[in-house]
Amino acid sequence: MLRGLCFLQTVHDDDPDDLAHGNVVLWQQPDGILNRSGIPAESPDPSDTGESAWLARTVWALGEGYAAFSADEESDPDFGAFLRRRLRLAMSAIRRQVLPRYGQWRVVEDSATPAWLIGDGADLTGEALLGLCAYTACTGDDDARKLLEQLAEGVTAMRTGTPWTWPFGAVLPSALSRSAWHAWAGLAPAGLARVYEVAGDLAARDAALADAASFTPHLLVEGGPDNLRVAVPGAREALTIDGVQLSYGAQSRVESLLTTARVTGRPALSTLAGIAGSWFFGNNPAGAPMYDPATGRTYDGVDIPDAPPQQPGRRGVVHRDAGAESTIHGLLAMLALDGDPHAAAVARIAETETDPELGIGAGDCRKDSELRCLTLRDPLTGSRLTLLRSVATSTRVCDVDVAGGTAESTATVTVNDPGGEELEHYTTSAGRIRALVPAGGFTVITRMPETV
């Protein structure tokens, strides 16, 4: 697969005068010819041999691939050298096309925005960071370290908002907008967390934490990884323009949370990763599983039809195609959850509890306009989970009903600040629990079966 990917990369031998060397051609024709446009041509033409998504993801694949093969004592050293040459060729394309703009800023919606992101995207650049970090961690390559540090500086600058105002600390995906966020290709926080791990960049760490511990819990209680949310910077609410949810967006939340949890040592983010992962098991607008463990496929997403919902409280329907992108990211999510048993157990708590009158998760937090609430349960095991997220500037108190189980059942409460730092962690008898929610922070109340 890696060799096949490299076949799509242009090299000097193809045309010594071609300044596109190191870039990636999207289309291979049936006869093996590489064309920069499909036949017939599409409009708009997605085959971009410049600073494109294909270039960023090739860096991701080659960096991870080199790290994997270099760690395998039985692998072919010549193949490792081949991957390294091709990665450095892709790095040279980034330096030639992107980094001449390093340190330049443009004004977008009255804010200074970095001009040196790949394809003007923190989303694309974040994926390149994952590959560069994997490569640098195993080689110590100074050129790669310098490149990842410069790119990370631009991605870090896309952190926006406060724990109380839109977009609540998110790393926004596009340098051309300071008001829009989309879930697709949302791995920038994972890339920044890896930059901190490899290069010790504290600003990158703080941006990853803001996205993971402030924005993401807000996203989870507000319905999940929508395709497009928009708000004026500083607003308290965002408008969902496109409520469709895709496997790629859900996996990006899981991966970013788990990576940030691991490199910063903040276990509450692992719990949030489980909640994000529950999207694949039924915590989504359709209320249906998206991942099929029998086949390994993942459905393309949850569509939001124009017609009224067929189920009360369910605004979506499953789009049951299972394309390559959806299945790949579903499997990446499952691999990530397999590596964290706690997050995997939480992900199985995936049935949204609804109030017959409100059609939403029940809880006393609905009495407070500055609290958001998500309540989930697993009807097979009796597990229950409530996530509370505050946009208040002072501590809030909320009564939560954690019923069920036996008389000896207990619930675990974790109280966390907007950076994911654990302020309180205690176990109490299940029942009606009075919980504190810090200003701009989140609280998780979990009751797991005694056998778990």
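Below is a short write-up of the structure. (Residues numbered from 1 in each chain as written. Predicted model: local features only at pLDDT ≥ 70, side-chain atom pairs only at ≥ 80, totals over all residues. Heavy atoms only, no water.)

**Observations concerning the nonpolar core**
Of all hydrophobic cores here, the largest spans 56 residues; its most connected members are Ile94, Leu129, Leu151, Val155, Trp181 and Leu192. Of all the secondary structure elements, the ones that give two or more residues to this core are helix 1 (2–7), helix 2 (53–70), helix 3 (77–97), helix 4 (122–139), helix 5 (142–156), helix 6 (188–199) and helix 7 (202–221). When residues of this core are assigned to their parent elements, the largest contribution, 8 residues, is made by helix 3. Sequence-distant contacts of leucine 151, defined by excluding residues within four places in its chain, comprise Ile94, Val98, Leu99, Trp116, Leu117, Thr125, Leu129 and Leu132. Core analysis: the second largest hydrophobic core is formed by 41 residues, Leu258, Ile275, Met290 and Phe442 among them. (Core = buried A, V, L, I, M, F, W, Y, C linked by side-chain atoms within 4.5 Å. Buried < 20%, exposed > 50% of the residue type's maximum accessible area, 1.4 Å probe, protein only. Helix = DSSP H or I, 4+ residues; strand = E, 2+ residues; numbered from the N terminus. Contact = heavy atoms within 4.5 Å.)

**Comments concerning the sheet that holds strand 7 (residues 239–246)**
Reading across from one edge, 5-6-7-8-9 is the order of the 5 strands in this open sheet, with antiparallel pairing throughout. Strands at the two margins of the open sheet, each flanked by one partner only, are strand 5 (180–181) and strand 9 (317–319). Here strand 8 (residues 301–303) pairs with strand 9 via 3 bridges, running antiparallel. Note on strand 9: the bridge partner recorded for aspartate 303 is valine 317. (Pairing = 2+ DSSP bridges.)

**Details of the pattern of salt bridges**
A full pass over the atoms with the stated rule returns 21 salt bridges. Linking aspartate 211 and arginine 253 is a salt bridge whose minimum nitrogen-to-oxygen distance equals 2.8 Å. Here the residue aspartate 211 occupies a position in helix 7, and arginine 253 occupies one in helix 8 (residues 247–264), the gap between them amounting to 42 residues. On the basis of relative accessible area, aspartate 211 is assigned to the buried category, the value being 1%. Notably, a salt bridge pairs aspartate 399 with arginine 434, separated by 2.8 Å at the nearest N-O pair. Remark: arginine 434 occurs in strand 16 (residues 431–437) and aspartate 399 occurs in strand 13 (residues 396–402); sequence separation between them is 35 residues. The exposure class of arginine 434 is exposed, given its relative accessible area of 56%. Through salt bridges that share partners, Arg84, Arg88, Asp141 and Asp143 make up one connected network. (Salt bridge = Lys/Arg side-chain N within 4 Å of Asp/Glu carboxyl O.)

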